[in-house]
Each structure stands twice: as C-alpha cells, then as structure tokens.
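# Overview (structure and organization)
Okay, here's what each chain looks like letter by letter:
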Amino acid sequence: MPPAVLCNACGFGNPRGMRFCGACGERLRPEAEAPDTGAGERRPISVLFADLVGSSELAARLDPEDFRDLLLAYREAAGAAVAAQGGSLAQHQGDGLLARFGFPVAREDDAARALRAGLDLAAAVEDLRARLGHPLRVRVAVHSGIVVVATLGHGLAAEPGAMVGEATTIAARLQHAAAPGEVWCSEATRRLAPRRFRFAAQGEIALAGLPRPVPAHRVEGVVPPGLLPPSLPLVGRENELRGLFSAWRDAGAGAGTALVIEAEPGHGKSRLVDEFRARLGVMGDAAVLIACNAGDEASAFRPLIAWLSNAAGIPPRAASAQARAALLDWLARHGLAGSGHAAPLAVLLDCATPAEAAEMESSGRRRRRRNMAAFLAALHAAATGPTPLFIAEDIHWADDSTLAVLRALADAAQAPDAATLLLMTRRREGHALPGPAPLTLRLAPLGEEEARRLAAAAAPEGADPARLDGIIARAGGVPIFLVEAARDAQADTVLPLSLRAGLTARLDALPDAKPLAQLAAVIGRSFRGDVIEALAEAVGLPASRRPLRRLVEAGLMEPEGPPDAPTGYAFRHQLMRDMAYDTLLRRRRASLHLALARLLPARFAEMVAARPELLAGHLAAGGAAAEAIATYEQAAARAARAGAHGEAAKHLRAALAQLPNLVEPLRDGVQARLQVALAAQLTLTRGNAAPEVGEAFASAHAAALRLDDRALLLRTLRGLQTFHLVRGAVREGHAIGERIMALMEGEGDGAVLLQAHRPFGLGLLYLGRHAEARHHLERVLALYDPTRDEPHRFDYGSDPAVLARAHLAWVHWFQGDAKAAFAADAEAVAAARELGHAHSLCFALAFRAALHAFAGQPAEALAAAGELAALSAAQDFAYWSAWAAIIEGWARARAGEAAEGQALLRRGLDAYTAMGAGLLRPYALALLAQVLPPGAQEAAALLDEAARGSADGIAFSAELVEAIRRGRGL
C-alpha cells in the first residue's frame, strides 16, 4: 500500500491524490518530492550570534507576561539592528538569535555589515536596559566562513535556506567568550574589514567542540572611511618598469637576456608587461606573445599550438584543408617554405596530409626534437624589428615541452651578440623554466597609499567612497583585487572570503546568468560557444547566448573570436573561474562534469581525440573513476608516442589519484599496471635510479604479490632489479635477478626469458663474473625476435638486443679481447641507429664513450660523449646527460682543456649523484682523480672514496680505480 499523506492540521493519514483532509477538511500540503541533494550552493556568509545575558535569572524574577514583553522588545531591537544592515534573522533560540549576512543576496561588505549590526545591537540593548529598568546585557560574536545553504529535509520536515557548516558553531561558541555588552569577532571576519573598525586582539580562544583555537578580537568601534583622489593607471611599479627598459636597451646593444617577472596571483605581472609594450609603441605591438593557461600543464606544446594557430589566422574548428592552407601561407610569408618544418607543425595543428602524418609517426623518438625545432624556427621567423621581443605569460601553467622550447629560446637570447629580449611571467608556485635560473624580477604587494590610488583610478565615476575604502581594506595590496573589486569583479586562486563575497554579489545580481557562469566554470577558464550551448541543453538550462552576453557586459567574461560572432568565451581571469566553480556543491559539480564527459565524445569527438586528458579530467571530477583511469592511460600513451614523457607521467599520476575511488577487487591490478607504466616514463626522463622509479616499482610489486600475478611479479621484480643496479647496489640487484631466474624454470616464452637474461647478465658483468655474464647476454641475442620484441622499446625503455650488444662490448674488454669489444660496440650503435630509437641509441653511445675511456682514447670518447650529450639533451634524458658530461669532461681534460674538463666532469658527477645513481660514481671519481694535476692532494681522497663505493659489488670500477691509482703512483 502506498504511504499516506498526513494532514498538517489533525495528523490524519489521507490516500494519495486527495486535495483536502478526509477527517477535518483542511487543504492538504502538496506531496513533497524526494530532496535534491545537489540543490543549494556554497556561499560566503558572515554569521552573527547574540545571547541575552542573565535571562534565566530574569525569567525566575519576572512575571511570565513581563518577561515575554522584555523578550519581544529585545527581539524587535535585534531585528531592527540586523535589518538596517541588510542581514536576516535565521533563527531564534530562546534568548539567543542567529543572523546571517550574505544570503539570500550577497554584498561585498557583508562582514562589515554584520559587525555594525553587532555594535548596533549591543547599543540597542543598553537603551532597553535604561528604558525598561532591567539589568539587560547582550554578548555578540561574528564569524565569516563558507557554508552550504540549502533546503534540509522535505515535506513537513523541510527547512528552506538552512545553513550547514562550522561558521554557525564558531559564532555561537565565540559569543560565550565575550563579556556582557561586548562584540567579538573571529580573525576571518576581522580580515574582511580590517580598517573599518577598531579591534583589540584577544588571542587564540579554545572553543568547546572545535579541534583548533580561533584567533579572536573585541570590536571597539567604527573607523570613518576616507578616499584619495584618482591617479595614474599604473601605480607602484615604476622601478620595475625602469628595469624592463634597461633590459630592452641592453638587448638592443647586443646583450640580449631572458627575464622572469615573478609574483603571487594578481600582483600585476600582465599589467606591467602591457604597460611596457604600450610605451614601446610599434616595437611593443610586434612582440611575439605566448599565453599559457591552467589545464595546459599536461598537454604537450598547447600554448605554442594556440599561438601559431592565431598567428596563421586559423579559425577555431576550421576544416583541415583551410587550416593547412593558412599554415602553409604563413610559413611561406615568413621564409619557412621548404624548410622541413611543415610536417611537424601540420601534425600538431591537426591539418597534416596522410604522408606528413606517416612521416612524423616514423620519426619515433626524434619526433619531439623535430617539433621543438619547428616551433623555434616559427618563433624566430615571427619576430620582427632590430630587437626581437618574445613574451611568454603564466609559464607556471606551461607543459614540459613548451618549457623546453622556452629554455632553448632563453639560451638563444643570452647567446653572445644576441639582440633579443625574452620576458616571462610566472607565479611562485607551479612550473619554472628548467635549467639555470634567469634574471628574476619579483613584484611585491602595493603599499596602502598606492592601493588607494589604484582603486580610485579603476573605479567608475561617482563610486561610493566608503565602498572603495572597504575594497582597499580587503585587497591586501594585490593590484588585481583592487582593480576588479572597484569594477565589481574579483579574483584570486586561494579564493579569500573578501573576494568570494564580491563575486557572489555580482552573480546574485545576474540571476538569469549565474547558472550559466557556474556551468562555464565546470568546463574551464575558456570554452567554445558550441560546447557550452550543448552542455546547457543537456542539463536543462535555457539558451546560453543571452546569459553569456550579460556576463560579458558585467565584465566577468570576454568573448573570443570575431566581435560580431564570437566562437568562444573566457572568464576574464582564471581566478574568477575558480570562484564561480567553488559556489557549486560538490555533488552538483560532479553531475555537471559527468554530463560534460558524456557529451564530449558524442558531440565533440575531435576535441577528445586531440586532448583525451580533458575528457579524463571531467570523468574523474564526475566520479567515473574507472573510465577516467582508462582515458588517462590513453592520454599517457599518446604523449609517450610523441616523446612527451613528462606529460605522460602526469597523466599516469592523475590516473593513480583515482585509485581510492575504484572498488576494492579492481584496485590492485590497476595500481600495478599504472605504476609500471609510470616507472617506465620516469625512467626515460629521470633515470632508472630516481627514487620515484623505485617507489613506483615497489608499489606495483606489492600489488602484484597481493594478486599473485606471475607476469606482474616478473615485471616489477625486473624494474626493482634495474633500480638497484643503477643505484650502485649491485648485490641487491643481483639477488633480485636470481629470484627472477628461479621463476624462469619451465618458461617457454622467448620474450619473457629475454627480459630475465638481459639484466641478469648485466648484473654479473658489474660483479666481475664475466664468463657467466657473456653466457646470459649471448642467450639474449639468440632469443631476440625483432618483430615480436619491438614493444620492449616502449615497455622497458630500450631495445634489448642493442643493450645486450653494448653490455657484451664491456664483457669482451674486461676479458682482454679489445677487438671483440669494439666489434660488439659497433654492432650496438649501428643497430640503435637503424631502429631510430633515441633511448636505445643513448644507451649504446654511453657504453661506447665509457669503453673508449677504459681504453684511454680521449678523442674517441669525446666524439661519443658529445653525440650522447646532444641527443640526451634534445630528448630530456637526464641520466644520459649526466653520463655524457662525466666522460666528456674527462676527455677534454685529457685533451689539454684541464680546467674546463674538470669543471664539466664535476658538474656531471653532481647531476648523476643528485638523481640517486651510484653505478658509475666510483669510476667517475677515479676519472676525476686521473685528470687532476700531479701532486693534487684531492686525488688520493677521491680514489679512496671510489674504492669504498666499489665495495658493494661494482667490480668493473674496482679494477679501473686500482689501475688509475697505480698510474698516479698512489
């Protein structure tokens, strides 16, 4: 039987569908639907709690009617004080009351209004005391924080506009600490109106039931506001501007430089650059501008793709033929026709011919280097004038590949006689330019007087001086806060309450556009018009064009594309997007992300194909963990194929972050798979010995043990084996190798056997057991199948046959067969070149360079190390770069460049050690000792340290160390 509908008047249970009660005839309240747990929103609220002191004693002493009259007078006075400041009474609790400021309509100065209401209420109770002749006093406290405002419950138990969060609890507890007649507030509230009131600090107050003390202040009165007259639009940055012009003049004189403007969000980095460009005039207009955006960190070359698309005049969603024609025309006009850069750029801009796509696919590990070279050529071609000016904004959001291009651009700008200036802006958190730190200009917050001038200059004519004073008090000297607050738009990444209130107020004033702003925030900082239109339709919002126009008119967004027909929109600042997003309840956010994730593949497949990480992010935020993980893996594979290993690692880490959201039975298998894939990408960028590599393999191994999965056990043991070998813990690595070989009993899969024998043979080589090592390495070559084993280059990082030949070269050398050693070395390098696989070639070149060092052949070692240095730098292979520097430094020192060679060797040794590697360290120490001048006391200490380092089983270096010691007569 369906449940009855209860009458609110008599409680009789009526059948569903009845409009009037069958017992008493009263109209029935409509049946309540199930509550929408996603309804409501997060809002900044200032809560006032007041309690009448001594009310129990008064109730005992007064006649109930007299006490009722007193309470009514108190409540009327309280209601008037709250209403006069724009607040609303949320509830009465006996002689206590709760008022809120910021709902249903927010104002930028809600905290100040709550404090004024508290002071007015305390004064009103003093008046009642004098008028009624009773010893009335009130305690008041105000606290500001984020709450959820929603309807709690449904039906008869519904409580519309209920506030949920600790803000109400803090206000209620804090008033108990105040003395009768006092108004207190928390530090959070004081910071929202620091210069509007006089405060007396009360220290940290422990509040019952709360885990941490709350800094509190007694509010002693109101401070009259003031205002300075308007001033220049650029305020407080004159010294920094002079610094930019000094760098410009130096560049024009042939002393080019790269300069970073660094500051916290909103401190005016972009404003300073804009002013510099404006004062340069035509030369500033000719600057090459690269803009990085939040969300680009894991998308290879995204800022550069956007720059080139804009420079070439390629409209959004242009047909491939149209985009290709525009690109080729741009290349021709800038002298790059026939340069070989068309193919990589066309592929990156999704307008390549099948032949170009095939050409780039076949480039293998050289693909990233070609991409970088193409972008560098395009950037230099786009620069005009005698002093080229490049500007890259917000590089803290740049991906690793874009940062590598900027690093190369910075190096070019700082080359001798380069008349180039590269300006970059970044926040202190996030990515920085790799390599040596460039000249850095740091922006501090504006002083109080500068802040007043800037706010006044930004405000519209006739602005309320008191309101501007409040903005200045809340902005903390951050220029963008001052400007945006004065224009009724606020922003900051940490979303301070002062700015949340401003945006909430602005959105409350646009009730028809607010839902669309929240929807747009789910998509991101910028978004296509057709995407938000489709998403609005999918979630049941009205047409998007009018609300978008309202948001543009309000200064919250900017159109993108042609002015008469925008193709997209963007929040004026990333921080505005963050605040609009934060107003949504988590459940509502998740539902919108999931709706977008379902929409993108169905309606915008080209976006998903180009950037699967976007879809993965929305799936993750929407709670679809399993789908998100699979899509992040697709994004990682796509990045890895393009040589963007840093981005691939980020995608895999994002996938790992979703593991807690998977059901338990699936978790271990997925964790092991992801950790192995992550370790492979980290190995390529940071080397086998990086701590993160060991952690990834250890985590995957633990999961494999829980699963009792033999294949996973072998793979993770193999990774841990190499990790220990490269760290120099050869005996530990060999012990793991013995476990692997024991598991090989009865194994018939040649690919599995090959990956057991190869590292086991390497460990035996390092231990000095050369005959055994040769047996296992030759077994690798016998098992190797080029077609079957091609995936090993990507799963394990290198081609196993190339590595086995390189190892055999060392084995032959230590067995005394130099001819066989150099023959095996030649085969290894030739095979790697034929495969076109960068990491395999680096491995072979590294072993070749060391082999020539063993033989005392500095010229040949220098040639191999130089090629290795160039290739590893182009591919961002840090491990091989350090190895190359060690051997190249030794070779240069032996060739007569003593100081330069020793310095390079030391740098390589430091870099090698810093990444956790130890295998080559004893030999590198011995090489350094060998090239020190005769009589150098450091040589003996270096050789002693090298001998100690060889004691953990690095037998090959022990022999070499002793040979060098004998050569120096030590």
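Now for a look at the structure at hand. (Residues numbered from 1 in each chain as written. Predicted model: local features only at pLDDT ≥ 70, side-chain atom pairs only at ≥ 80, totals over all residues. Heavy atoms only, no water.)

Note that K269 resides in helix 7 (residues 269-280). Buried K269, no salt bridge; nearest opposite-charge side chain is D394, N-O distance 5.0 Å. Beyond its immediate chain neighbours, meaning those up to four positions away, K269 contacts I261, E262, A263, E264, D394, T425, R426, R427 and L443. (Helix = DSSP H or I, 4+ residues; strand = E, 2+ residues; numbered from the N terminus. Buried < 20%, exposed > 50% of the residue type's maximum accessible area, 1.4 Å probe, protein only. Lys, Arg positive; Asp, Glu negative; His and termini not counted. Salt bridge = Lys/Arg side-chain N within 4 Å of Asp/Glu carboxyl O. Contact = heavy atoms within 4.5 Å.)

This part is about the pattern of salt bridges. Taken as a whole, this structure holds 48 salt bridges when the rule is applied. R190 is paired through a salt bridge with E187; the nearest N and O atoms lie 2.9 Å apart. Placement of the pair is R190 and E187 together in helix 5 (residues 187-192), with a separation of 3 residues, close to one helical turn. Residues R833 and E867 are paired through a salt bridge, measuring 2.6 Å at the closest nitrogen-oxygen approach. Residue R833 is located in helix 36 (residues 818-835), and its partner E867 is located in helix 38 (residues 858-875); the two are separated by 34 residues in the primary sequence. On the basis of relative accessible area, R833 is assigned to the partly exposed category, the value being 41%. Residues joined in a network through salt bridges with shared partners are E41, R43, D508 and K514.

Let us look at unusual backbone geometry. With the exception of glycine, most residues fall at negative phi, and the peptide bonds are largely trans. A cis amide bond links F103 with the next residue in sequence, P104, at an omega value of 5°. Within the secondary structure, P104 is located in the loop between strand 5 (96-101) and helix 3 (110-132).

Turning to the sheet that holds strand 11 (residues 257-262), a few remarks are in order. The 5 strands are arranged 12-13-14-11-15 in an open sheet whose pairing can be described as parallel. Taken across any chain shown, the strands that pair with only one partner, and hence form the sheet edges, are strand 12 (288-291) and strand 15 (439-442). The mean inter-strand angle of the sheet, taken between neighbouring strand axes irrespective of direction, is 15°. Of the pairings in the sheet, the one linking strand 11 to strand 14 (residues 421-426) comprises 6 bridges and is parallel in character. Bridge assignment links T257 to a residue of strand 14, and that residue is L421. (Pairing = 2+ DSSP bridges. Axes fitted to C-alpha atoms, helices over the stretch in contact; angles between N-to-C directions.)

This part covers the packing of aromatic side chains. The tally for this structure, following the rule as stated, stands at 20 aromatic pairs. On the numbers, 6.5 Å between centres and 65° between planes, the contact of F527 with F571 is edge-to-face. With F527 in strand 16 (residues 526-528) and F571 in strand 18 (residues 568-571), the pair connects residues that are 44 residues apart, well separated along the chain. Residue classification places F527 among the buried residues on the basis of a relative accessible area of 5%. Given a relative accessible area of 3%, F571 falls into the buried group. With 5.5 Å between their ring centres and 55° between their planes, W880 and W883 make a pair best called tilted. In this pair, W880 and W883 are both assigned in helix 39 (residues 878-894), 3 residues apart and thus about one turn of the helix distant. What makes W880 buried here is its relative accessible area of 4%. Owing to a relative accessible area of 2%, W883 belongs among the buried residues under this scheme. (Phe/Tyr/Trp six-rings, centres within 6.5 Å; stacked < 30°, edge-to-face > 60°.)

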